[in-house]
Amino acid sequence: MDMSISNHAPGKSRERPLSGLVLTGFLLCLWLALLWLKVCLEPVHYQTVDGENYLQLANKIIAGKPLVIDGLKNQNGRVFSPFPPGYPALLCLGIQTGAFLPPQLVVHGFLFLIISILWWYKRLPLLPLACWFFTDTALELACYPWSEWSFTAVTILLLMVWHRWESAQQPAMMLVCLGLWLFLFSIRYAGVFFFLFLAIRVLTRPPAISIWITFFFPGLIFGLMTAIWFWVELQVFGQITGGDRYANQDSAAGLWHSLWTASLDQLLWFKDASGSSRISFFCGITAQAVMVFWFLVISKRKPTGESNRVYDDPPFSLLLMQAGLAYLLFMVPVRWYFYFAEWYDFRLLGPGFLMLLLGVFLRADRIFKPAGRGILFIVFLMAAAFFTLPKASLIMHMQEKIWLQTKPVFGLIPSKSLHK
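Residues numbered from 1 in each chain as written. Predicted model: local features only at pLDDT ≥ 70, side-chain atom pairs only at ≥ 80, totals over all residues. Heavy atoms only, no water.

S.K.: What is the right way to look at the overall build of the protein in this model?
M.R.: Assigned secondary structure in the protein consists of 17 helices and two strands. Burial analysis of the protein (420 residues in total) assigns 49% to the buried set. Total accessible area on the protein is roughly 20,700 Å²; 70% of this is exposed by carbon and sulfur atoms. (Helix = DSSP H or I, 4+ residues; strand = E, 2+ residues; numbered from the N terminus. Buried < 20%, exposed > 50% of the residue type's maximum accessible area, 1.4 Å probe, protein only. Areas by Shrake-Rupley, 256 points an atom, 1.4 Å probe, with all protein chains shown as cover.)

S.K.: Teacher, can you tell me more about the packing of helix H1 (residues 18–41) against helix H16 (residues 373–388) here?
M.R.: Helix packing for two helices is described by the angle between their axes and how far apart those axes are. Contact geometry for H1 and H16: axes closest at 10 Å, N-to-C directions at 15 degrees. Relative to H16, the element H1 lies roughly parallel. Helix-helix and strand crossings are classified by hand; for H1 and H16 the assignment is right-handed. Across from Leu27, Leu30, Leu34 and Lys38 in H1, the residues of H16 making contact are Phe377, Leu381, Ala385 and Thr388. (Axes fitted to C-alpha atoms, helices over the stretch in contact; angles between N-to-C directions. Parallel < 35°, antiparallel > 145°, perpendicular 65-115°, else oblique. Left-handed = near helix turned anticlockwise from the far one by under 90°. Contact = heavy atoms within 4.5 Å.)

S.K.: Help me out: how do you make sense of the packing of aromatic side chains in this one?
M.R.: The way to describe two aromatic rings as a pair is by their centre distance and the angle between their planes. Evaluated as defined, the whole model comprises 38 aromatic pairs. Where Phe185 meets Phe222, the ring centres are 6.1 Å apart and the plane angle is 85 degrees; that geometry is what we call edge-to-face. Of this pair, Phe185 sits in helix H8 (residues 171–187) while Phe222 sits in helix H10 (residues 211–237), and the two are 37 residues apart along the sequence. The exposure classification of Phe185 matches that of Phe222, with both residues buried. Note that Lys122 overlies the ring of Phe316, its terminal NZ or CZ placed 6.0 Å from the centroid. Directly above the ring of Tyr344 sits Arg335, whose terminal nitrogen or CZ lies 6.0 Å from the centroid. (Phe/Tyr/Trp six-rings, centres within 6.5 Å; stacked < 30°, edge-to-face > 60°. Lys NZ or Arg CZ within 6 Å of the ring centre and 35° of its normal.)

S.K.: Help me understand the environment of Ile117 in this model?
M.R.: Mapping Ile117 onto the fold places it in helix H4 (residues 103–121). In sequence terms Ile117 and Gly20 are 97 residues apart; their C-alpha atoms lie 9.1 Å from each other.

S.K.: Explanation requested: unusual backbone geometry in the structure shown.
M.R.: Most peptide bonds are trans, and most residues other than glycine sit at a negative phi. Positive phi, close to 60 degrees, is recorded for Arg123, a residue that is not glycine. Within the secondary structure, Arg123 is located in the loop between H4 and helix H5 (126–133).

S.K.: Whenever I open this one, the side chain of Ser263 confuses me. Can you help?
M.R.: The topology assignment puts Ser263 in helix H11 (residues 252–266). Accessibility expressed as a relative area gives 18% for Ser263, which makes it buried. Within polar-contact distance, the side chain of Ser263 engages the backbone oxygen of Leu259 at 2.7 Å. Look past the residues within four positions of Ser263 in its chain and what remains in contact with it is Leu349 and Phe353. (Polar contact = N/O pair within 3.5 Å; in protein donor to acceptor, adjacent residues only side chain to side chain.)

S.K.: Would you take a moment to explain the pattern of salt bridges for this structure?
M.R.: It is possible for side chains bearing opposite charge to pair when their charged atoms get close. Applying the stated criterion across every chain yields a total of six salt bridges. Note that Lys38 and Glu140 form a salt bridge whose closest N and O atoms lie 2.6 Å from each other. Taken together, the positions of Lys38 in helix H1 and Glu140 in helix H6 (residues 136–143) put the pair 102 residues apart, joining distant regions of the chain. Residues Lys60 and Asp70 are paired through a salt bridge, measuring 2.5 Å at the closest nitrogen-oxygen approach. Here Lys60, found in helix H2 (residues 49–63), pairs with Asp70, found in the loop between H2 and helix H3 (86–96); they are 10 residues apart in sequence, far enough to count as distant. Take Lys60: its relative accessible area is 10%, and that puts it in the buried class. A single salt-bridge network, built from bridges that share partners, covers Asp50, Glu148, Arg188 and Arg347. (Salt bridge = Lys/Arg side-chain N within 4 Å of Asp/Glu carboxyl O.)

S.K.: Looking at this model, I keep getting lost on helix H9 (residues 194–204). Mind explaining?
M.R.: In an α-helix there are 3.6 residues to a turn, and that puts residues three or four apart on one side. Along H9, the positions that sit buried rather than exposed are Phe194, Phe197, Leu198, Ile200 and Arg201. Along the long axis of H9, the arc covered by the buried residues comes to 165 degrees, so they all point the same way. Buried positions along H9 lie against helix H7 (148–167), H8, H10 and helix H14 (316–337). (Arc of directions from axis to C-beta.)

S.K.: Would you mind going over the environment of Glu42 with me for this structure?
M.R.: Among the secondary structure elements, Glu42 is positioned in the loop between H1 and H2. Considered as a pair, Glu42 and Leu389 are 347 residues apart in the sequence and their alpha carbons are 9.8 Å apart.

S.K.: In this structure, what is going on with the packing of H6 against helix H15 (residues 346–367)? I would like to understand it.
M.R.: With their axes 10 Å apart at the nearest point, H6 and H15 run at an angle of 130 degrees to one another. With respect to H15, the axis of H6 lies oblique. Between H6 and H15 lies a crossing of left-handed hand. Contacts from Thr137, Ala138, Glu140 and Leu141 of H6 reach H15 at Phe346, Arg347, Gly350, Pro351 and Leu354.

This is how it looks when you write it as structure tokens:
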């Protein structure tokens with residue numbers, strides 16, 4: 001991974017150039033700057049009930065108070081928190097850094113750095129990851145003090161380690177996988193989707209991989225850990241996830257419509273179809289179409305030998321896509337049968353589609369050799385920055401800064417001069 005964001009030639013000893021880390025640091029600063037601008041320009045937009053509850057739990061950890069939401073009781077009359085403690089603990093660390101950034105941006109920036117360093121260590125190409133960080137869904141989720149972006153980031157870290165576990169079955173790798181899996185579950189209970197991922201991997205594994213050692217044994221251990229977790233929750237709160245779960249009352253037609261609309265939004269890199277003006281949407285989809293054409297039509301396919309790399313055995317891009325599919329196969333039915341405050345949207349579907357998208361980006365980079373790789377990357381970043389920033393709010397803030405000291409002229413004119 002170097003400053004030109006290119007891959008190393010096959011068959012040679014692939015080093016880890018420090019220029020990749022320098023570029024990663026630049027991208028992290030740019031990414032955080034965009035997030036900070038978005039939050040500063042539209043602070044009310046990123047203030048939600050769940051976000052406030054997460055921050056409340058984080059401050060309770062700092063104060064050493066019980067991890068429950070004030071004024072919230074379940075059917076058993078017990079106070080509880082509908083959220084596991086993992087993400088509030090991350091926010092707690094973000095708060096205690098004392099940084100001028102909102103705590104969620106500190107947390108998300110730290111996870112950005114960890115993923116990028118591990119990506120660099122595994123000698124994966126930077127272009128797919130860098131573009132992925134600047135997609136609309138990734139930028140939007142990272143602005144909110146929700147757990148979804150951290151959940152996605154930790155899932156990617158888990159998949160990196162899991163890829164190593166499948167490639168070289170070392171006991172230390174299994175222990176790290178179990179630790180990350182438990183941490184993922186402590187961020188969102190949806191971490192149980194990883195069981196579906198294991199099932200998909202069993203069906204698609206290379207013949208040489210043992211089912212019992214590679215998949216069944218780790219799955220059994222984690223199943224026991226989650227069972228113990230739920231048992232403790234049941235004893236303390238009377239519910240296995242603390243709060244109550246209600247049957248969904250939304251119509252099937254409404255659910256299908258929201259699922260279709262949200263899925264379409266997740267396929268767009270810069271502007272979604274449901275929350276953008278018509279001109280903004282068409283400009284965004286045009287920019288995406290031009291880049292896809294550039295990458296797939298103008299680019300050349302890599303020779304077969306060049307695309308077969310060490311990090312693709314088993315293909316890491318395949319692991320990402322299978323994890324994204326497993327998440328969606330879990331979340332779509334859960335939302336269909338249980339009540340949620342929101343319909344299908346980027347918050348519910350975003351983690352799954354982000355994993356799918358990163359897998360597709362990595363797979364495309366493995367197959368194609370785009371012409372003008374660096375230029376393509378710069379254009380992608382410029383488009384992402386242009387489309388993600390709220391132009392109306394930005395213009396209004398600029399006008400306020402320019403005209404802040406302007407006062408009515410008539411208040412400064414002497415009264416006698418008005419009668420002349």
